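What the coordinates show
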Amino acid sequence: MYAFDIERPTRLTDAVKLLSDATDSQLIAGGQTLIPTLKQRLAMPERLVSLGAVDEIKGICTGDDGALCIGGGTTHADVAAGAGAYPALAGLAANIGDPAVRNRGTIGGSLANNDPSACYPSAVLASGATVVTNARQIAADDFFDGLFATNLEEGEIITEVRFPVPDAAAYMKFEQPASRFALVGVFVARFSGGVRIAVTGASEEGVFRWSEAEAALAGNFSAGALDGLSLSGDGMISDLHGSGDYRAHLISVMTRRAVAAA
Amino acid sequence: MPADGGIGAATPRREDVRFLTGAGNYTDDINLKGQAYVHFLRSDVAHGTLNNVDTASAEEMPGVIRIFTGEDFADVGGIPCGWQVTDKHGEPMQEPAHPVLARGKVCHVGDPIAAVVAETYEQARDAAEAIEVDIDDLPAVMDMKAALADGATKVHDDLSSNLCYDWGFIEDNKAAVGEAIANAAHVTTLELVNQRLVANPMEPRVAVGDYHRANDESTLYTTSQNPHVIRLLMGAFVLGIPEHKLRVVAPDVGGGFGSKIYHYAEEAFCTFAARALNRPVKWTSSRSEAFISDAQGRDHVTKIELALDADNNFTAIRTETYANMGAYLSTFAPCVPTYLHGTLMAGNYKTPNIYVNVKAVFTNTVPVDAYRGAGRPEATYQIERVIDKAARELGVDPIALRRQNFITEFPYATPVAVEYDTGDYTATMDKLEEIADVAGFAARRAESEARGKLRGFGVNCYIEACGIAPSALVGALGARAGLYDAATVRVNATGSISVMVGAHSHGQGHETSFPQVVAEMLGIDPSMIDIVHGDTARIPFGMGTYGSRSLAVCGSAMVRATEKIIAKAKKIAAHMLEASDADIELKDGQFTVAGTDKSVAWGDVTLAAYVPHNYPIEDVEPGLEETAFYDPANFTYPAGAYACEVEVDPETGKVTIERFAAADDFGNIINPMIVDGQVHGGLGQGIGQALLESCAYDESGQLLTGSYMDYAMPRADDVPFYAVDHSCQTPCTHNPLGVKGCGEAGAIGSPPTVVNAVVDALQSAGHNVTHIDMPLSPSRVWQAMQG
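Here the structure is a predicted model, which is why all the values come from computation and not from measurement. (Residues numbered from 1 in each chain as written. Chains lettered and ligands numbered in written order. Predicted model: local features only at pLDDT ≥ 70, side-chain atom pairs only at ≥ 80, totals over all residues. Heavy atoms only, no water.)

In this section: the environment of Ala609(B). Position of Ala609(B) relative to the elements: it lies in helix H16 (residues 602-610). Look at Ala609(B) and you get buried, because its relative accessible area is 0%. (Helix = DSSP H or I, 4+ residues; strand = E, 2+ residues; numbered from the N terminus. Buried < 20%, exposed > 50% of the residue type's maximum accessible area, 1.4 Å probe, protein only.)

Here it is in structure tokens:
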């Protein structure tokens, strides 16, 4: 690590102010990606601004519209324990990383980082959730913007994520053997207005919706409705742990399993 | 014998108290007054000409004490290799120079170029980034077969080629093997890869060099499995420090698995720099650094042929292996694919004709050396995979085919130079069939299939050569060292005992099991006995711990030394009891005149030895301390039979291990709980190799698996509950304890067991899959199922 200063504001407004002053600052939430990056000297911020003490962006509640509202600073462990109203989401959080990761990592940090193999982006996109920041509200379909890229502006902080709770949902993760990130993760959510399916881990473009499968399931929410549907391996990530074709195949398998489990 | 702590007792590991309470003393826990820190600037290219290393601006950085480059080591030796293999033409292997810091060339990613010593670790690292290195990239030599082609780029310009040696074993067998294969009723051929692995001990390597100018003494604290070997190699061959001025301490060591046997450049550097700077110098490897600087394991590419007659008797084995040495020769690297591999190619079977060819090749990769099992897993994998393939081709039961070809009479001289002293392979297979519930497999397969899963059963036998090794024999084979071991038994005045041993414990539990032996021999409580290891200033010259040798070799030395203690103590007791020493019996800590009730206690005799008032001073020296060196007469030959049941998810290719049974013959057993633990650990590592682990480089020599994000280590939920049995015991015939060694068996026997089971599962569903190279990752298994 290079030397850096650290600030631990307790109010969101102070965090926003620090990020906009003249010092080169890097926001840190749970640090589960940033800390290893710093240790490898791949980043050298002058100052870290920690969200760890900003309690106003932590916690889980139910909105007036029935949405499950999760503060951006809420850890995976707290989501796993507290999102009982949305069991598929709680289950997803309960299987991120290991206990140490789940007790530090936050939903806001994960979404802002948008790792192409992270679990949360699939839940946000499949749920049609709304990402709330200190400045605005962003629909899930507008939020993700490719590998490690989002619609967030410089210095913008995720304060809350509002998840409409579907009638049925399930997340199926096929783990990369070493990292246990998603080699392929599929989140299926059925609402009265339709089905949304989001896939993480697989595409070179990051998390995406599988619209053909959504259409097939709209009228017949059963694994059988997916028969004959498949994706091409072109544009899928191909690496040591699996070819693009393998990932494309796994998307079909995991989608069927998610539908069956939902 | 002691009520609860002698030979055969499952005594809890006494060392675990300090390990589990954070009270261990590991090398990184050692911090000396005035200590400086070193950071190594390492090559980020696999192969290149090193034109210039400009340290000028880096030397101006805060906290920098001195920056060393290869030129600073011009007057000291390179890192030596401890084994010289002679090739099939009778010529010595090609042996490249291995400088402490690179000179003229860099040969692998991670090759150290410069070393920055600074007041803090971060300052050293900051300064290293300011060093300007001028390297002209050269093509990386990665593929072993391509490396041997005419005109291939050479890893070492001063060698004639990238071939370290072309070894034939035994050349005299070659013609007969060829004839047997030509005349066989059936020949099964298999090409396979035993993939490269990273050892990954939990504790990364650490070295602390210290120097006392007043008496010109150097001390190296290091994460080593064999401090005396390091002292000998580094003192005599690298730095030119005589033994009496050099002390090497390997305190608590958190796992080695072979990777901490070798003498590494970082150890020599810290010792050298401490002298040059007259202050302690410390290096602690990061995990990332370990991936590019710890010796790696395996990496063999093999073609094996098994010939059978019309009655399915094995008639010949012929193998051709390409063995990757990496960029330099690590301490014991040349012997792994030869004398730890070729000599084991008979396995458990009476195959009359065997010929082994090994071509060892230099590549621009991290050096490869012994890793848990070392050569024996590579041999077992070939034999047991090809037998399984043969059984399928012939339509015979794989267990029956093995049983039919078992060696059943001992001693048995193999066609590959070793003689097995004892064993009972039928007994271990019988035990295996019982504990694996082979009979119940069909029902379990049906149950799996009902859930949409494929279930496979795999079996495997192994033999290994442990208790390394008879010095004269290994000397004739090229070892540049003896492989005896030593123990000093120091009985103190009040009867307590310190046993100083050459073996080193880095997870094996010697501090518990070794006292059990002495306690048994003396009839005293094991709590009166402590083991001292890991410090050349305190222990006799012994060769350390690897090759499942500690108990068989060092334990035997300890027995011999204890026998000397008993003989002397009986003389003292005889004097005290006014009897002849021939009439003295030692039992339960009491010396008794045979046939009488006259006795004297252990503690009275030991006190007399140190307070010799009433003492046979003319015949017996005071004191009670004895040393013995023990050179084994032969290797020991542990053997066993393993079985595994897997489930394969046909949709994803994911393999899960549902059952695993291991029936081992380790000869006599001192502590069955520790043996269980050794077997469990070995099985976990072997399952890791079979399903998960692989060290991969790209074509340019960059490591693709440089962290746990991509290098898959086995975790608790990757392995099943094991059924482990070691009740089949044919004691070793040539060491006093009748022990054989158990540390590597699991890692040797489990990979082929798993692969055999997965192939069985796939074939059960009609897939025409005869082999999949490890690791059997989901994507590889799925790909195989696609045809």
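What follows concerns the interface of chain B and chain A. At the junction of the two partners, chain B supplies 24 residues and chain A supplies 24 residues. For the pairing of chain B and chain A, the buried interface totals around 1900 Å² over both sides, and the portion due to carbon and sulfur atoms is 49%. Together, Glu651(B), Met709(B) and Trp782(B) form the three largest contributors to the area buried by chain B at its contact with chain A, with a combined 27%. Counting across the chain B and chain A interface gives eight salt bridges. (Contact = heavy atoms within 4.5 Å. Buried area = accessible area lost by both parts, 1.4 Å probe. Salt bridge = Lys/Arg side-chain N within 4 Å of Asp/Glu carboxyl O.)

Glancing now at the domain arrangement of chain B. Residue and element names in this part refer to chain B. Entries for chain B in the domain assignment read domain 1 (31-138 + 202-255 + 260-293), domain 2 (297-469 + 634-785) and domain 3 (484-630). Centre-to-centre, using C-alpha coordinates, domain 1 lies 40 Å away from domain 3. The junction of domain 1 with domain 3 conceals about 1300 Å² of combined surface from both sides, 59% of it contributed by carbon and sulfur atoms. Contact with domain 3 buries area across many residues of domain 1, yet Gln225, His228 and Arg247 alone supply 41% of it, more than any other trio. Put simply, Arg247 and Asp535 hold a salt bridge, and the shortest N to O gap is 2.7 Å. Our count for the domain 1 to domain 3 interface comes out at ten residue pairs in polar contact (both at pLDDT 80 or more). Elements supplying a minimum of two residues to the side of domain 1 that touches domain 3: helix H6 (227-239) and strand E11 (246-249). Per-element accounting of the side of domain 1 that touches domain 3 gives the leading share, five residues, to H6. (Domains from an automatic or database assignment. Polar contact = N/O pair within 3.5 Å; in protein donor to acceptor, adjacent residues only side chain to side chain.)

All right, on to the UniProt feature "domain: Aldehyde oxidase/xanthine dehydrogenase a/b hammerhead" (unreviewed entry) in chain B then. This chain's UniProt record puts "domain: Aldehyde oxidase/xanthine dehydrogenase a/b hammerhead" (unreviewed entry) on residues 21-139 of chain B. Split by type, residues 21-139 of chain B is 11% helix and 29% strand. Its first and last C-alpha atoms lie 50 Å apart. (UniProt positions renumbered as here; feature names shortened; annotations may be inferred.)

The subject of this paragraph is the domain arrangement of chain A. All names here are of chain A. Assigned domains of chain A: these are domain 1 (5-50), domain 2 (57-163) and domain 3 (168-261). Look at where the C-alpha atoms of domain 1 and domain 2 centre, and you get two points 19 Å apart. With nine residues of domain 1 at the contact, the number on the domain 2 side is twelve residues. Carbon and sulfur atoms supply 72% of the area that domain 1 and domain 2 bury against each other, a total of about 780 Å² over both sides. Counting across the domain 1 and domain 2 interface gives zero salt bridges. Our enumeration of links across domain 1 and domain 2 arrives at one residue pair in polar contact (both at pLDDT 80 or more). Counting residues per element, the side of domain 1 that touches domain 2 draws most heavily on helix H1 (residues 12-20), at four residues. Broken down by class, the residue content of the side of domain 1 that touches domain 2 amounts to six nonpolar, three polar and no charged. (Nonpolar A, V, L, I, M, F, W, Y, C, P; charged D, E, K, R; others polar.)

What follows covers the pattern of salt bridges. Residues and elements named next belong to chain B. Taken as a whole and judged by the stated rule, the model has 60 salt bridges over all chains. Linking Arg403 and Asp430 is a salt bridge whose minimum nitrogen-to-oxygen distance equals 2.7 Å. Note that Arg403 is positioned in helix H10 (residues 398-405) and Asp430 in helix H11 (residues 425-435), a separation of 27 residues in sequence. Assessed through its relative accessible area of 26%, Arg403 is described here as partly exposed. A relative accessible area of 41% means that Asp430 is categorised as partly exposed. In the salt-bridge network here, residues are joined through shared partners; they are Asp437, Arg444, Glu447, Arg451, Arg455, Glu645, Glu647 and Arg659.

Picture a little ball the size of a water molecule; that probe, rolled over the atoms, points out where space is still empty. Residues and elements named next belong to chain B. Approximately 780 Å³ is the volume found for the second largest pocket. Mapped onto the lining of the second largest pocket, the elements with two or more residues apiece are helix H4 (144-147), strand E8 (186-197), strand E13 (297-308), strand E14 (314-326), helix H17 (672-692) and helix H19 (778-785). No other element matches E8, which puts three residues into the lining of the second largest pocket. In terms of residue class, the lining of the second largest pocket is made up of 15 nonpolar, eight polar and nine charged. (1 Å grid on protein atoms, 1.4 Å probe; cavity = no way out; pocket = protein on both sides within 12 Å on 5 of 7 lines; lining within 4 Å. Points joined across faces, edges and corners; volume = space filled by probe spheres on them.)

This next bit is on the pairing of strand E1 (residues 36-42) of chain B. Here is the key point about a regular strand: its side chains alternate between the two faces of the sheet. Residue and element names in this part refer to chain B. Burial analysis of E1 places six of its seven residues in the buried class, which makes it a mostly covered element. Sheet topology note: the E1/strand E12 (residues 281-284) ladder contains two bridges and is parallel. Paired with Ala36 across the strands is Val281, a residue of E12. Taken together, the six bridges between E1 and strand E5 (residues 112-118) define a ladder with antiparallel strand orientation. Bridge pairing in E5 places Leu41 opposite Ala114. (Pairing = 2+ DSSP bridges.)

This paragraph deals with the environment of Gly326(B). Residue and element names in this part refer to chain B. Locating Gly326 in the fold gives a position in strand E14. Gly326 gets classed as buried once you look at its relative accessible area, which sits at 0%. The spatial distance from the C-alpha of Gly326 to the C-alpha of Ala360 is 9.4 Å, given a sequence separation of 34 residues. Filtering out sequence-adjacent residues up to four positions away, Gly326 remains in contact with Arg196, Val361, Phe362, Thr363, Thr365, Val366, Pro367 and Val368.

Residue and element names in this part refer to chain B. Pairing is mixed across the open sheet formed by five strands, whose spatial order is E7-E15-E14-E13-E8. A strand with exactly one partner marks an edge of an open sheet, and here the two such strands are strand E7 (163-169) and E8. For this sheet, the mean inter-axis angle between neighbouring strands, taken without regard to orientation, is 10°. Relative to E14, E13 is paired through nine bridges, and the arrangement is antiparallel. Bridged to Lys303 within E14 is Glu320. Contacts from helix H9 (residues 376-394) reach E8, E13 and E14 within the one sheet, and its direction differs from that of E8 by about 145°. (Axes fitted to C-alpha atoms, helices over the stretch in contact; angles between N-to-C directions.)

All names here are of chain A. Counting buried residues in helix H7 (residues 120-127) gives eight out of eight residues, a clear majority hidden from the surface. Those residues of H7 that sit buried are Tyr120, Pro121, Ser122, Ala123, Val124, Leu125, Ala126 and Ser127. Note on H7: the residue one or two positions beyond its end, Gly128, has a positive phi of about 65°.

It is worth spelling out the side chain of Asp718(B) at this point. Here Asp718(B) lies in the loop between H17 and strand E28 (722-725). Among the polar contacts made by the side chain of Asp718(B), one reaches the side chain of Arg180(A) at a distance of 3.2 Å. When sequence neighbours within four positions are dropped, the list of residues in contact with Asp718(B) reads Arg180(A), Ile687(B), Leu692(B) and Met713(B).

On to empty space enclosed by the protein. All names here are of chain B. Counted by the stated rule, this structure contains four cavities of 30 Å³ or more. Taken as a whole, the largest cavity spans an internal volume of roughly 210 Å³. As for the largest cavity, its lining consists of 18 residues, of which His98, Tyr264, Ala265, Ser293 and Pro367 are closest to the centre. Here the residues of the lining of the largest cavity are counted per class, giving seven nonpolar, seven polar and four charged. Residues from two domains meet in the lining of the largest cavity; each of domain 1 (31-138 + 202-255 + 260-293) and domain 2 (297-469 + 634-785) gives at least three.

Bringing the side chain of Asn324(B) into the picture now. All names here are of chain B. Relative to the elements of secondary structure, Asn324 occurs in strand E14. Side chain to side chain, Asn324 and Asp299 meet in a polar contact 3.1 Å long. At 2.7 Å, the side chain of Asn324 and the side chain of Thr363 are in polar contact. Look past the residues within four positions of Asn324 in its chain and what remains in contact with it is Met144, Arg196, Asp299, Val361, Thr363, Thr365 and Val368.

To continue, consider the pairing of E14(B). All names here are of chain B. Counting buried residues along E14, eleven of its 13 residues qualify, which places the element largely inside the surrounding structure. The turn linking E13 back onto E14 is made up of five residues, and Asn312 within it adopts a positive phi angle of 70°. Judged from the ten bridges that link them, E14 and strand E15 (residues 353-362) form a sheet pairing that is parallel. When the bridges of E15 are listed, Glu320 appears paired with Asn357.

It is worth spelling out the packing of H9(B) against helix H18 (residues 745-764) of chain B at this point. Residues and elements named next belong to chain B. At a closest axis distance of 8 Å, the pairing of H9 and H18 adopts a crossing angle of 25°. What the angle tells us is that H9 and H18 run roughly parallel. In this structure, H9 crosses over H18, and the sense of that crossing is right-handed. Where H9 abuts H18, its residues Arg376, Pro377, Thr380, Tyr381, Glu384, Arg385, Asp388 and Arg392 lie against Ala747, Ile748, Pro751, Pro752, Val755, Asn756, Val759, Asp760 and Gln763. The residue inventory of the contact of H9 with H18, partitioned by class, reads eight nonpolar, three polar and six charged. (Parallel < 35°, antiparallel > 145°, perpendicular 65-115°, else oblique. Left-handed = near helix turned anticlockwise from the far one by under 90°.)

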